[in-house]
Amino acid sequence: MMINLTDMKTVRSILSRHGFHFSKKLGQNFLVRPDVVRAIAEASEIGEGSHVLEIGPGIGTLTQALARTGAEVTAVEIDQSLGRILSHTLEPYKNVHIIYDDVLKLDLNKLMGDKEWHVAANLPYYITTPILLHLVQSDLPISTFVFMMQKEVAERIMASPGTKAYGALTLAVQFYCTSEVVMDVPPSSFIPRPAVNSTVLKLVKRDKPAVEVKDTRLFFRMVKMAFGQRRKVFTNAMKAGGISAEQGKEILAACGIDGKRRGETFSMEEFASLADAWYDLIYKDKE
Ligand code: SAM
C-alpha cells in the first residue's frame, strides 16, 4: 500500500506508532510538502535506467518520489532506528535499496562503479559542507546533485566576488559545477521546523573545471590563503601562507594584480592566474 508521507497526520501517526524520537544531532527535519518533494525529484533528471543516490532518506518521503520516476534508488541512512519505518513506507518500491551507514564513510567508488549517478538529498544541515565538498571534489561518476540546504549555504555557493558570502566554498563548488536555485523552502515545510530557511540547489558537474589551472592544489591553496586571512590585503595573506615577500611580489607582477587588494575580491580567473604564476615560480626555481 502507498503511504502519503507528505500528509502531516499520517507522518505523526507513523512516528508515534514506531516510538520514533527525532535526533537533532543527526539533523532530522523531515519534509512534508508535496510540491517540494516533487520539485527535487524532477530537478534530478532521473527516470528508468538512471541511478540515484539519496543521502539520509529519513522516513522515506523523498525516496518514494525518486522511486516513482522508475530510477534505481540507493539511499544511505546513518540512523538504524529508522529501519522498521523505512521497511514499512518503502515496501511497495522494489527499486529502492537502503544502506545503513555514514555517507562520509561509505566506499562510494565501490558502490557507484563506472555507471553515471545522480545525487538527491534533503541534507542534514550539521554536515552539509563536508558532504558537498566530499562529493563535488571527488572523481565519482556523478553528473547532477539536487540538494536542500540551509539558505545561507546556498547563498555562499552562488556568491559573487567582493560580497560577504563569497568564500572558499563558493570557489570549490563553482570550480567543478554550475549551480542554479530550484526553490526557496520555508521552515513550515518540515517536521520538526528548523530554525532556518532552506533552499533547493541544483549543481551540474562541469565536463572540465571552470578555469584551466596548471596545478589544482596550488589553486586551492591560494584560495585558502585569501579566505583564511580574509581581512588582510593579499600581499600579507600570502606571507602568512608561507610565500616570501619577494616571491609574492613576483607572482603579483606576473598576473598584474594589485597586492593591496583583499583576496575576497578576486574572481576565479584571478585565483587561477595567481596559482599558475606561483607554479611557474616554483618550477623555475627548480630548473
Ligand atoms: N530525506 C528525508 C526528508 O526529506 O524528509 C530526511 C531528511 S533529514 C534533513 C536528514 C537525514 O539524514 C536524517 O534521516 C538523518 O538521520 C540522516 N543523516 C544524518 N547524518 C547522516 C550521515 N552522515 N550519513 C547518512 N545519513 C545521515
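J.: Help me understand the overall build of the protein in this model?
T.: Secondary structure summary: the protein contains twelve helices and nine strands in total. Seen through its principal axes, the protein has C-alpha atoms that stretch 70 × 40 × 25 Å. Counting every position in the protein, which comprises 287 residues, the buried fraction comes to 51%. Across the protein, the 35 positively charged side chains and the 33 negatively charged ones have centroids separated by 8 Å.

J.: Help me understand the site of the ligand, please; the structure alone is not making it clear to me.
T.: With respect to spatial proximity, 24 residues lie near the ligand, and among them Leu31, Gly56, Glu77, Asn122 and Tyr126 are the closest. Between Pro57 and the ligand, the recorded distance is 3.5 Å, taken from a backbone N or O atom to a nitrogen atom. Here a nitrogen atom of the ligand sits 3.3 Å away from a polar atom, N or O, in the main chain of Ile78. At the level of elements, β1 (30-31) and β3 (72-77) are the ones that each hand at least two residues to the shell around the ligand. Residue composition of the shell around the ligand, by class: twelve nonpolar, seven polar and five charged.

J.: I would appreciate a short explanation of the environment of Ser23 in the present structure.
T.: As for its position among the elements, Ser23 is in the loop between α1 (8-17) and β1. C-alpha of Ser23 to C-alpha of Asp79: the two residues are 56 residues apart in sequence and 9.1 Å apart in space.

J.: What's the story with the side chain of Ser138 in this structure? I'm lost.
T.: Positionally, Ser138 belongs in the loop between α6 (128-136) and β6 (142-150). Among the polar contacts listed, one links the side chain of Ser138 to the backbone nitrogen of Leu140, at a separation of 3.2 Å.

J.: I tried to follow the nonpolar core on my own but got confused; where do I start?
T.: In summary, soluble globular proteins display a tendency toward joint burial of nonpolar side chains. Grouped together as the largest cluster of nonpolar side chains are 62 residues, with contacts concentrated most on Ile55, Leu135, Phe147, Phe219, Met222, Phe234 and Phe271. If we skip the residues at most four places from it in the chain, Phe234 touches Met222, Met225, Ala226, Leu252, Gly259, Arg261, Arg262, Gly263, Phe266 and Leu274. In terms of nonpolar packing, the next biggest core, distinct from the first, is built from 39 residues, Val32, Val36, Leu86 and Met148 among them.

J.: In this structure, what is going on with helix α11 (residues 245-255)? I would like to understand it.
T.: Two residues of an α-helix separated by three or four positions point the same way, owing to the 3.6 residues in each turn. Every buried residue of α11 is accounted for by Gly248, Ile251 and Leu252. In a view along the axis of α11, the buried residues occupy a sector of 95 degrees, so they form one face of it. Among the exposed residues of α11, those pointing more than 90 degrees away from its buried face are Glu246, Lys249, Ala253 and Ala254. Two residues or fewer after α11 comes Gly256, characterised by a positive phi angle close to 65 degrees.

J.: Can you help me understand the pairing of strand β5 (residues 117-122) in this one?
T.: Every regular strand shows the same layout, with side chains that alternate between the two sheet faces. Taking burial as the measure, the six residues of β5 include six buried ones, the bulk of the element. Side chains of β5 alternate between two faces, with Trp117, Val119 and Ala121 and His118, Ala120 and Asn122 buried alike. In terms of strand pairing, strand β2 (residues 51-55) meets β5 through four bridges, oriented parallel. Bridged to Glu54 within β5 is Ala120. Each parallel crossover has a hand, and the one from β5 via α6 to β6 is right-handed.

J.: Could you clarify how one ought to interpret helix α9 (residues 216-228) in this entry?
T.: Taking 1.5 Å of rise per residue, 13 residues should cover 18 Å, and α9 covers 18 Å from first to last C-alpha, within 8% of that figure. One side-chain oxygen of the residue at the start of α9 lies 2.9 Å from the amide nitrogen of Arg217, identifying that residue as Asp215.

J.: Honestly, the sheet that holds strand β4 (residues 96-100) in this entry has me stumped. Any pointers?
T.: Backbone-to-backbone hydrogen bonds pair the strands of a sheet. The strands run either parallel or antiparallel. Across the sheet, seven strands lie side by side as β4-β3-β2-β5-β6-β9-β7; this open sheet has mixed pairing. Both edges of this open sheet fall to β4 and β7 (177-185), since each of them pairs with a single strand only. Neighbour to neighbour, the strand axes of the sheet diverge by 20 degrees on average, direction disregarded. Where β3 lies against β4, five bridges are found, and the strand directions are parallel. When the bridges of β4 are listed, Ala75 appears paired with Ile98. Across the sheet, helix α2 (residues 34-43) is in contact with β5, β6, β7 and β9 (198-205); its angle to β7 comes to roughly 165 degrees. Where helix α7 (residues 151-158) meets the sheet, it contacts β6, β7 and β9, and its direction lies at approximately 135 degrees from that of β6.

J.: Sorry if this is basic, but what is going on with the packing of α7 against helix α8 (residues 168-176) here?
T.: Any two packed helices are characterised by how steeply their axes cross, that is the angle between the axes, and by the distance between the axes. Relative to each other, α7 and α8 sit at 65 degrees, their axes nearing to 7 Å. Judged on the interaxial angle alone, α8 and α7 are roughly perpendicular. You can see that α7 and α8 cross each other, and the crossing is right-handed. Of the residues in α8, those touching α7 at Val153, Arg156, Ile157 and Met158 are Leu169, Thr170, Val173 and Gln174. Per-class residue counts for the contact of α7 with α8 are five nonpolar, two polar and one charged.

J.: Before we go on, may I ask you to explain the packing of α6 against α8 in this structure?
T.: α8 packs onto α6 with a crossing angle of 30 degrees between their chain directions and a minimal axis gap of 10 Å. Viewed along their axes, α6 and α8 form a crossing whose handedness is left-handed. Between α6 and α8, the residues in contact are Thr129, Leu133 and Val136 and Leu169, Ala172, Val173 and Tyr176, respectively. For the contact of α6 with α8, the per-class residue count stands at six nonpolar, one polar and no charged.

About the cut-offs
- Residues numbered from 1 in each chain as written.
- Predicted model: local features only at pLDDT ≥ 70, side-chain atom pairs only at ≥ 80, totals over all residues.
- Heavy atoms only, no water.
- Helix = DSSP H or I, 4+ residues; strand = E, 2+ residues; numbered from the N terminus.
- Buried < 20%, exposed > 50% of the residue type's maximum accessible area, 1.4 Å probe, protein only.
- Lys, Arg positive; Asp, Glu negative; His and termini not counted.
- Charge placed at Lys NZ, Arg CZ, Asp CG, Glu CD.
- Near = heavy atom within 4 Å.
- Polar contact = N/O pair within 3.5 Å; in protein donor to acceptor, adjacent residues only side chain to side chain.
- Nonpolar A, V, L, I, M, F, W, Y, C, P; charged D, E, K, R; others polar.
- Core = buried A, V, L, I, M, F, W, Y, C linked by side-chain atoms within 4.5 Å.
- Contact = heavy atoms within 4.5 Å.
- Arc of directions from axis to C-beta.
- Pairing = 2+ DSSP bridges.
- Right-handed = clockwise from strand over helix to strand, strands pointing away.
- Expected span 1.5 Å × (residues − 1).
- Axes fitted to C-alpha atoms, helices over the stretch in contact; angles between N-to-C directions.
- Parallel < 35°, antiparallel > 145°, perpendicular 65-115°, else oblique.
- Left-handed = near helix turned anticlockwise from the far one by under 90°.

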